[in-house]
Amino acid sequence: MFRFPLFIAITLIVAFGGGIVVSLYALDATQGFGAIKLGAWEAFPELQTADADPYAKSHRARAGKLLYGSAEGLTFTASVDDSGDRLNAACSYRISGQTPPARLWTLFTSDNSGNPASIRPGLPAALNSWTILRQADSSFTIDISANARPGNWLALPAAGTFRLVLTLFDTPTAGSSGVIDLAMPRLTKIGCGNA
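The rules behind these values
- Along every chain, residues carry numbers that run from 1 in the direction the sequence is written.
- This being a predicted model, a pLDDT of at least 70 is required before a residue's local features are given, and a value of 80 or more before pairs of side-chain atoms are given or counted; all residues contribute to the totals for chains, interfaces and linings.
- Excluding hydrogens and water, the side-chain figures rest on all heavy atoms present in the structure.
- Relative accessibility decides the category of a residue: with a 1.4 Å probe and only protein chains considered, values under 20% of the type maximum give buried, values over 50% give exposed, and everything between is partly exposed.
- A run of DSSP states H or I qualifies as a helix once it reaches four residues; a run of E qualifies as a strand once it reaches two. Both are numbered from the N-terminal end.
- We treat two strands as partners when DSSP finds at least two bridges between them.
- Lines fitted to the C-alpha atoms define the axes, with helices restricted to the stretch that makes contact. Angles between their N-to-C directions range from 0 to 180 degrees.
- Two residues form a contact once any of their heavy atoms are found within 4.5 Å.
- We call a pair of cysteine sulfur atoms a disulfide whenever their separation is within 2.5 Å.

A.B. asks: Kindly report on the pairing of strand S4 (residues 91-97), identifying the contributing residues and their values.
C.D. replies: For S4, the tally of buried residues reaches six of seven residues, placing the bulk of the element in the interior. Judged from the five bridges that link them, S4 and strand S7 (residues 140-145) form a sheet pairing that is antiparallel. Note on S7: the bridge partner recorded for Ile-95 is Ile-142.

Structure follows, in structure tokens:
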């Protein structure tokens with residue numbers, strides 16, 4: 001007598017529970033569709049616009065991120081270097097070259113969830129285009145390591161993997177379809193351990 005209602009209740013719990021788990025996994029697994037990969041850097045040009053797909057909108061809402069206008073900003077992330085190796089705090093890296101045109105850009109290290117990485121107090125956790133030292137041709141070099149380096153240096157977290165987040169603000173590249181033709185700075189590994 002209670003077998004059929006119990007079967008229906010278990011079926012509904014499995015269906016709704018499974019649906020919720022799969023939805024949360026889908027939101028964590030992707031930021032949306034339309035990714036553009038330029039060397040080590042990856043961007044989702046439509047992620048910040050009103051034309052974003054439903055997964056991107058849900059991902060942004062769940063993370064509590066603000067919506068940029070169509071040409072206000074574009075965020076690039078790098079979780080691997082140019083050779084495809086995962087970024088690790090035990091190694092040192094160098095970013096060299098130029099960014100696409102922008103009124104302002106920022107660069108910081110983040111954890112794998114996109115939150116700013118935990119850096120020891122007093123160490124440079126972020127850089128921007130107004131404070132960076134440049135060459136005569138406007139190119140720059142940034143060393144990213146746990147130990148201090150001369151020139152432009154960005155500190156790393158104590159251990160584990162990390163991401164680099166480069167955000168271009170007030171840039172014509174965010175509103176154009178020519179994002180694929182952009183030249184991004186190179187991200188190379190310069191050594192691991194004490195090397």
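Following the structure, the description resumes.
A.B. asks: Report on the pairing of strand S9 (residues 163-169), specifying residues and quantitative values.
C.D. replies: The buried count for S9 comes to five of seven residues, which makes it a mostly enclosed element. Sheet analysis places strand S3 (residues 73-78) next to S9, joined by six bridges and oriented antiparallel. Bridge pairing links Ala-78 to Leu-164 in S9. Bridge count for strand S5 (residues 104-110) against S9 is seven bridges, and the pairing is antiparallel. Considered in S9, the bridge of Thr-109 is made with Leu-164.

A.B. asks: Outline the sheet that holds S5, supporting the account with residue identities and numerical values.
C.D. replies: Pairing is antiparallel in the open sheet, where six strands are placed in the order S1-S2-S3-S9-S5-S6. Two strands close off the open sheet at either side, each with one partner strand: strand S1 (36-38) and strand S6 (126-128). Strand-to-strand twist of the sheet, defined as the mean angle between neighbouring strand axes without regard to direction, takes the value 20°.

A.B. asks: Describe in detail the environment of Pro-124, supporting the description with residues and values.
C.D. replies: Structurally, Pro-124 can be placed in the loop between S5 and S6. We classify Pro-124 as partly exposed; its relative accessible area is 26%. Distance in space between the C-alpha atoms of Pro-124 and Asn-152 is 9.6 Å, their sequence separation being 28 residues. Excluding residues within four positions of it along the chain, Pro-124 makes contact with Trp-153, Leu-154 and Ala-155.

A.B. asks: Report on the state of the cysteines, specifying residues and quantitative values.
C.D. replies: Overall, the coordinates contain one disulfide when judged by the stated rule. Two residues share a disulfide in this structure: Cys-91 and Cys-192, whose sulfurs sit 1.9 Å from each other. One quick way to see it: the torsion about the S-S bond of Cys-91 and Cys-192 is about 90°, and its sign makes the bridge right-handed. Taken together, the residues Cys-91 in strand S4 and Cys-192 in strand S10 (residues 186-192) connect sequence positions 101 residues apart.

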